[in-house]
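# Observations on chain architecture
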Amino acid sequence: MSDATITTPLTALVGVRHPIVQTGMGWVAGPRLVSAAANAGALGVLASATMGVEQLRSAVREVKSRTDAPFGVNLRADAGDAAERVRIVIDEGVRVASFALAPSRELIARLKDAGVVVIPSIGARRHAEKVAAWGADAVVVQGAEGGGHTGGVATTVLLPQVVDAVDIPVIAAGGFHDGRGLVAALSYGAAGIAMGTRFLLTSDSTVPDAVKARYLAAAVGDVTVTTKVDGLPHRMLRSELVDALERSGRAASLLRAVRHAAAFRRESGMSWSRMVRDGMAMKHGKELTWSQILLAANTPMMLKASMVDGRTDAGVMASGQVAGVIDDLPSCAELVDRVMAEAAATLRALPRAS
């Protein structure tokens with residue numbers, strides 16, 4: 001384990017050794033990866049959106065059996081069973097609740113009253129200001145370089161905006177994979193960095209080897225943004241399937257969406273009515289067509305095809321742009337040690353002000 005440490009408001013807030021967060025990636029951030037990240041001194045975050053309620057409880061308990069270090073659970077605040085999931089987080093003594101969408105003021109208060117640290121992810125300054133006013137303890141700020149659902153503003157532009165706008169710790173996400181990036185984020189005023197693709201590409205990740213090989217072979221130009229999976233901008237590896245999706249018409253998209261919706265209903269145990277309600281909530285209250293609601297079911301099943309089943313011909317591979325500069329599969333311990341050692345070396349090499 002590296003002797004290099006950097007104490008920041010993030011490490012103080014959640015009790016981790018290093019200012020590094022492993023993000024809650026659906027079908028990827030399961031107990032093995034989360035506990036490995038936590039044991040390495042980072043904040044591991046369990047992805048719950050692709051789990052049923054009892055699967056989540058079991059996964060939390062498995063992480064606790066593998067590590068005594070703090071970890072988090074990523075939740076969907078707009079899910080119909082969000083209250084049940086929050087109860088599991090509280091009952092099981094999970095240290096951090098993270099959110100892909102802004103939780104309500106009431107939900108934040110409930111978690112904080114139970115001693116849980118609340119860290120929403122945001123993609124705009126105004127969203128950070130809102131959740132900070134509602135009592136969030138910190139925010140993850142994801143720039144356009146990040147994988148999965150993403151915005152259009154680069155991290156280097158978005159991050160300083162948010163740091164200047166709120167007085168809670170800000171964690172930078174989107175484009176980070178090494179110690180130089182950590183130092184750059186700290187220089188902007190961030191309290192740490194969050195990494196998804198970099199942790200996906202570790203030996204502790206359960207993603208099939210053939211899929212990892214596709215990531216390692218990718219160049220920066222092989223990472224693209226498409227709206228053809230679920231109607232929202234989604235950053236992923238370019239593949240034959242993605243190219244086919246881009247060419248597909250509305251009828252083919254709807255047929256695929258219905259098929260995937262049925263599959264996800266079986267996988268998750270959700271009712272059709274629950275899936276429709278959650279699909280509508282995913283769209284942030286915008287005016288929706290039924291096709292958009294159905295398309296929302298595409299994401300979990302098309303990710304599962306690759307991330308779990310290894311079917312790159314039938315699934316998509318969410319990815320940050322950093323996939324194009326990653327070429328190895330260290331363990332989480334090796335990765336975190338390397339990032340911290342690089343950060344220390346970078347800080348030593350910086351010219352001194354006169």
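Since this is a predicted model, take the numbers as computed values, not measurements.

### Some points on helix H7 (residues 155-165)
Within the span of H7, buried status applies to Thr-155, Leu-158, Leu-159, Val-162 and Val-163. The buried residues of H7 occupy an angular sector of 130° when projected down its axis, which confines them to one face. Packed against the buried residues of H7 are strand S5 (117-122), helix H6 (125-133), strand S6 (139-142), strand S8 (170-173) and helix H8 (179-187).

### Details of unusual backbone geometry
Phi is positive for Trp-27, which is not a glycine, with a value near 70°. By the element assignment, Trp-27 lies in the loop between strand S1 (20-22) and helix H2 (31-39). In this structure Trp-27 comes out as buried when scored by relative accessible area, which is 15%.

### Some remarks on the pairing of strand S4 (residues 96-99)
Side chains of S4 alternate between two faces, with Val-96 and Ser-98 and Ala-97 and Phe-99 buried alike. Sheet topology note: the strand S3 (residues 71-75)/S4 ladder contains four bridges and is parallel. Pairing of Leu-75 across the sheet is with Phe-99, part of S4. With helix H4 (residues 82-91) bridging S3 and its parallel neighbour S4, the resulting β-α-β unit is right-handed. Judged from the four bridges that link them, S4 and S5 form a sheet pairing that is parallel. Residue pairing across strands places Val-96 opposite Val-117, the latter belonging to S5.

### Focus: helix H10 (residues 209-217)
Three or more residues of H10 are buried, namely Val-211, Lys-212 and Tyr-215. Projection of H10 onto a plane perpendicular to its axis shows the buried side chains occupying an angular sector of 100°, all on one side. Exposed side chains of H10 directed beyond 90 degrees from the buried face belong to Asp-209, Ala-210 and Ala-217.

### Let's talk about the nonpolar core
Core analysis: the biggest nonpolar cluster contains 87 residues, and Leu-111 and Phe-199 have the highest contact counts within it. Examining the composition of this core, we find that seven residues originate from one element, helix H16 (residues 332-349), more than from any other. Look past the residues within four positions of Leu-111 in its chain and what remains in contact with it is Val-86, Val-89, Ile-90, Ala-97, Phe-99, Val-116 and Val-118. Core analysis: the second largest hydrophobic core is formed by 15 residues, Leu-10, Val-16, Val-21 and Ala-191 among them.

The rules we used
- Residues numbered from 1 in each chain as written.
- Predicted model: local features only at pLDDT ≥ 70, side-chain atom pairs only at ≥ 80, totals over all residues.
- Heavy atoms only, no water.
- Buried < 20%, exposed > 50% of the residue type's maximum accessible area, 1.4 Å probe, protein only.
- Helix = DSSP H or I, 4+ residues; strand = E, 2+ residues; numbered from the N terminus.
- Arc of directions from axis to C-beta.
- Contact = heavy atoms within 4.5 Å.
- Pairing = 2+ DSSP bridges.
- Right-handed = clockwise from strand over helix to strand, strands pointing away.
- Core = buried A, V, L, I, M, F, W, Y, C linked by side-chain atoms within 4.5 Å.

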